[in-house]
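Inside the fold
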Amino acid sequence: MNHPAVRWLLDLETIPTGADQLRIAWEHPWPGWSWALLVIGCGGLALWSYRRLSGRRGARAALAALRFAVVLLALVLLSGPLLELPRETVEQDWVLILADRSASMTITDAGGVGRSLSRDEQLRRIIGDHDETWRALAEQRQVRWLGFHAGVFDLGAADAASTLVTDVGEPSGDRTSLSAALDQALQRAAARPVSGVLVLSDGRTTDPPSRALMRRLQAEAIPVFTVGLGSAEPRGDLALRRVEAPRRAFVRDKVPVVVEIDRFGASVRELGGEVRLVDELSGETLDRFELAPGDDLDRLTLTAEPSLAGEARWRVVLETTEADLIPDNNVKAFVIDLVDRPLRVLFVDGYPRWEYRYLKNLLVREKSIDCSVMLLSADRDFAQEGNQPITRLPRSPEELARYDVVVLGDVPASFFSPDQLDMLRGHVAERGAGLLWIGGEHSTPESYTGTVLADLLPMRGSLSLSPIGRPVTIEPTDLADALGVLRVVSDEGIGWPRELRDASTGWSQLQWAQRIEPGRLKPTAEVLAQTVQPVDGAPLPIVVNLRYGAGQSIYVATDEIWRWRYGRGELLPDQFWIQMIRMLGRESLTAAETGAALEVDPRRVEIGQPVHIALRLLDAQLIDARRGSVSATLEHDDGTPLASIELRRAADSESRFAATYRPDSPGSLRLRMSDPSLAALDLTAPLEVFAPDDELRRPETDHALLSQLASSTGGEALAPERIPDLPELLPNRAVRTLNPLRERIWDTPLAFLLVLGLLTVEWIGRKVLRLV
């Protein structure tokens, strides 16, 4: 077929020069029996055509043979003879390789206990160490590398020579959806033969493979092979869930830092560690708490007593006894503004009872407190006490604004004018001041029924409280510890001494206390201390906290704390009162120093949950009746803006602004007032947003899920060292398609010449025999 003359005779255009393995094919193939009948018919026709003619028999036989050849050639040309070069097209099957790129890949547990190898590093080693395997796969199949977390995406450009991905990217996905990733990967390979799927993952997913996906994999006979990353045995992890501390505090104050701990994994109970509060500037450990193995404690309080004013940067550090899975969730830093000025307290009582005498002396001798004391039963000539003595009660909000905390003893409500009562309520609600009630036998709290200050009492219903009727001892609740109050330092350490619970000491018993039924507490009331001895089957609250607006109110239902002096001198009662007074005073710092208060409630939310933002302007110079809104900016801790929020003015107030916001991304955020008129105040409020399916909140692997996925689809769960077996394990799903090259022969010059030649020879023969 190489000679030009031959190619011209056959009119070859498609079949290449030098092609071998050529064969004859038919455009209209007829069955063999029809060809047998046609050949017999052609022979019969040829014999019949020359049987009766005159002439020599040999000559007539030769002409009959020519006639037979002509008719048979015509039939052959009618059947459409073709010259065919066999050719086969192979569509390679696909192998889909899915590499987990979620944030859980940063967890360091792949190298076993004591070795620092993250799951991401293990994945990269698997890819780099099995170059020959990927090369063998690529020679036989189409290999598609995909990354996945919430969905699938193409990994970095692959090197065609080595079939390795050059860039798998950083593991940054907030969540893993294995079902969605597999479904999207199959969609990318739609209408193509897929021999198998290889999943490189730790198995951690919020969306396990659905039934519909499993049925599809089984129906299409697509096996899934899995390689589990990370530790096969789930390891425990201790993490700091939340750290809450006051934004401002007084120097020499016992500042409470509430720490909430998360525990992940079945083996987490075996982990121990230490929680430390550290000053970042000096590196000094301010407080520490030891977590023993087997301890289920998930909330604790660290305290520090700072001595220097200014902005302090502290951090809480959780150090575990073994290598930690996620080091990043073991440190939380925060800033606290420390103010070096005395705490200003106004103490008003009706008569000189023992609790008054003790508390007044305590306030006077405490160097960190400036106190003004007003005793109502004193004679006109009596010199009111306190290191800031007064002769009358404040008559204006400006005079009352001097005080961080107001202590009301057994004072009848009638002693105050309605304006003073309303002013005191506003002082707590608007300026964040603290109000400390000390119950009494005569006026408090009964005389405040129907007044505006009843809103600041933690009880509802009747305010006529009867006495318990017998001596009791008290003990703090867990909430008190979280707030940093009733944490007594004694020979036993920090906590509530056993002797204060023990009624046999005599001096620890409170001979008189008011009976507050737990069912009569307001929904937002918080019990800080209660009786050790049950009364009618249940302990009764003695110290109750109530948040009201920007401030707080604490009600103490006894005036017998002074009796503790008989046991330990002034050590125990001093700490009881001072810690509560300091806690109440902290809330007033922000508003008092800046002239405005910015609140975010709640401070820790899931993505999509509403957050209420409230701004109160306390400085008259900041209030502009024409201002309808103010602007704020939500930003990351590093100052990167995230969203702009507009706070609208309340319809009934010129000093209140509010907004509701639904955060859509996780992280430790900060709300900052960016309005030009308020920017100088540097008002900020923290906001922590977390995803409910956060990868790092559930660090355990789930290799069992991967094994189930593999076995259900006909695949296998492979150890990393078995990856070289993958080419042999994958079925051959390549599609072979016959696509031969064909050239027609019946309309070529050769066919024309053959027909013409046979007819010409027959015609000449007939002329010679004179049969024409």
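Here, the structure is the one placed above.
Everything quoted here is computed from the prediction, not taken from an experiment. Starting from 1, residues in each chain are numbered consecutively following that chain's sequence as written. Under the rules for a predicted model, residues below a pLDDT of 70 receive no local features and side-chain atom pairs below 80 are neither given nor counted, while totals for whole chains, interfaces and linings still include all residues. Hydrogen atoms and water are omitted, and side-chain values are computed over all heavy atoms in the structure.

What follows concerns the sheet that holds strand β6 (residues 152-154). Strand pairing is assigned whenever DSSP identifies at least 2 bridges connecting the two strands. Only DSSP runs of H or I reaching four residues or more are called helices, and only runs of E reaching two or more are called strands; each is numbered from the N terminus. Spatial strand order, β6-β5-β4-β9-β10-β37: six strands in an open sheet with mixed pairing. In this open sheet, the two strands that pair with only one neighbour each are β6 and β37 (717-718). As defined by bridge partners, strand β4 (residues 94-100) adjoins strand β9 (residues 194-201) across six bridges and the pair is classed as parallel. The residue bridging Ile97 from the neighbouring strand is Leu198, located in β9.

This part is about the environment of Leu286. Among the structural elements, Leu286 can be located in strand β15 (residues 285-291). The cut-offs for exposure are 20% and 50% of the maximum accessible area for each residue type, with area from a 1.4 Å probe on protein chains only; residues under the lower value are buried, those over the upper are exposed, and the others partly exposed. On the basis of relative accessible area, Leu286 is assigned to the partly exposed category, the value being 24%. The sequence separation of Leu286 and Val316 amounts to 30 residues, and the corresponding C-alpha distance is 10.0 Å. Any two residues whose heavy atoms approach within 4.5 Å at even a single point are treated as in contact. Those residues in contact with Leu286, other than ones at most four positions away along the chain, are Leu277, Asp279, Thr303, Ala304 and Trp314.

A cavity here means a set of 1 Å grid points, computed over protein atoms only, where a 1.4 Å probe fits but cannot escape. A pocket is an open set with protein on both sides within 12 Å along at least 5 of 7 lines, and lining residues have an atom within 4 Å of a point. Grid points are joined across faces, edges and corners, and a volume is the space filled by probe spheres set on the points. Following the criterion strictly, the structure yields two cavities of 30 Å³ or more and no others. The space that makes up the largest cavity amounts to roughly 100 Å³. Taken together, Leu346, Val348, Leu393, Pro394, Leu400, Val406, Leu408, Phe416, Gln420, Met423 and Leu424 make up the lining of the largest cavity. Of all the secondary-structure elements, those providing two or more residues to the lining of the largest cavity are β19 (343-349), β21 (405-408) and α10 (418-431). Among the elements that make up the lining of the largest cavity, the one with the highest residue count is α10 (three residues). Under the scheme applied, nonpolar residues are Ala, Val, Leu, Ile, Met, Phe, Trp, Tyr, Cys and Pro; charged residues are Asp, Glu, Lys and Arg; polar residues are all the others, including Gly. For the lining of the largest cavity, the per-class residue count stands at ten nonpolar, one polar and no charged. Within this model, the second largest cavity holds a volume of roughly 40 Å³. Lining the second largest cavity we find Val600, Val611, Ile613, Leu634, Ile645, Tyr661, Leu671 and Leu687. A per-class count over the lining of the second largest cavity returns eight nonpolar, no polar and no charged.

A few words now on the pairing of strand β14 (residues 273-279). Taking burial as the measure, the seven residues of β14 include six buried ones, the bulk of the element. Bridging between β14 and β15 involves six bridges; their strand directions are antiparallel. Bridging from a neighbouring strand, Glu274 pairs with Glu290 of β15. Counted between consecutive antiparallel strands, the loop separating β14 from β15 contains five residues, among which Gly283 sits at a positive phi close to 80°. Here β14 pairs with strand β17 (residues 310-320) via seven bridges, running antiparallel.

Before going further, it helps to examine the packing of helix α6 (residues 178-188) against helix α7 (residues 211-219). Only the contacting stretch of a helix is used when fitting its axis, a line to C-alpha atoms as for every element, and angles between N-to-C directions run 0 to 180 degrees. Taken N-terminus to C-terminus, the directions of α6 and α7 make an angle of 40°; their axes are 10 Å apart at the nearest point. Taken together, the axis directions place α6 and α7 in an arrangement best described as oblique. Relative to α7, the crossing made by α6 is left-handed. Within the contact between the two elements, α6 uses Ser179, Leu182, Asp183, Leu186 and Gln187 and α7 uses Leu213, Arg216 and Leu217. Here the contact of α6 with α7 is composed, by residue class, of four nonpolar, two polar and two charged. Here is the rule for angles: anything less than 35 degrees is roughly parallel, anything more than 145 is roughly antiparallel, 65 through 115 is roughly perpendicular, and the remaining ranges are oblique. Left-handed describes a crossing whose near helix is turned anticlockwise from the far helix through less than a right angle; right-handed describes the clockwise counterpart.

Reading across the sheet, the five strands line up as β12-β18-β17-β14-β15 and stay open at both edges, with mixed pairing between neighbours. A strand with exactly one partner marks an edge of an open sheet, and here the two such strands are β12 (248-250) and β15. The mean angle between the axes of side-by-side strands here comes to 25°, regardless of whether they run parallel or antiparallel. Direction of pairing for β12 relative to strand β18 (residues 331-339): parallel, over a ladder of three bridges. Paired with Phe250 across the strands is Val339, a residue of β18.

Turning to α6, its buried residues number three or more, namely Leu178, Ser179, Ala181, Leu182, Ala185 and Leu186. The arc enclosing the buried residues of α6, seen along the axis, measures out at 165°, which places them on a common side. On its buried side, α6 packs onto β4, β5 (142-148), β6, β9, α7 and α15 (703-712). In this description, one arc is meant: the one made by directions from the helix axis to the C-beta atoms.

Read these as geometric descriptors, not functional statements.
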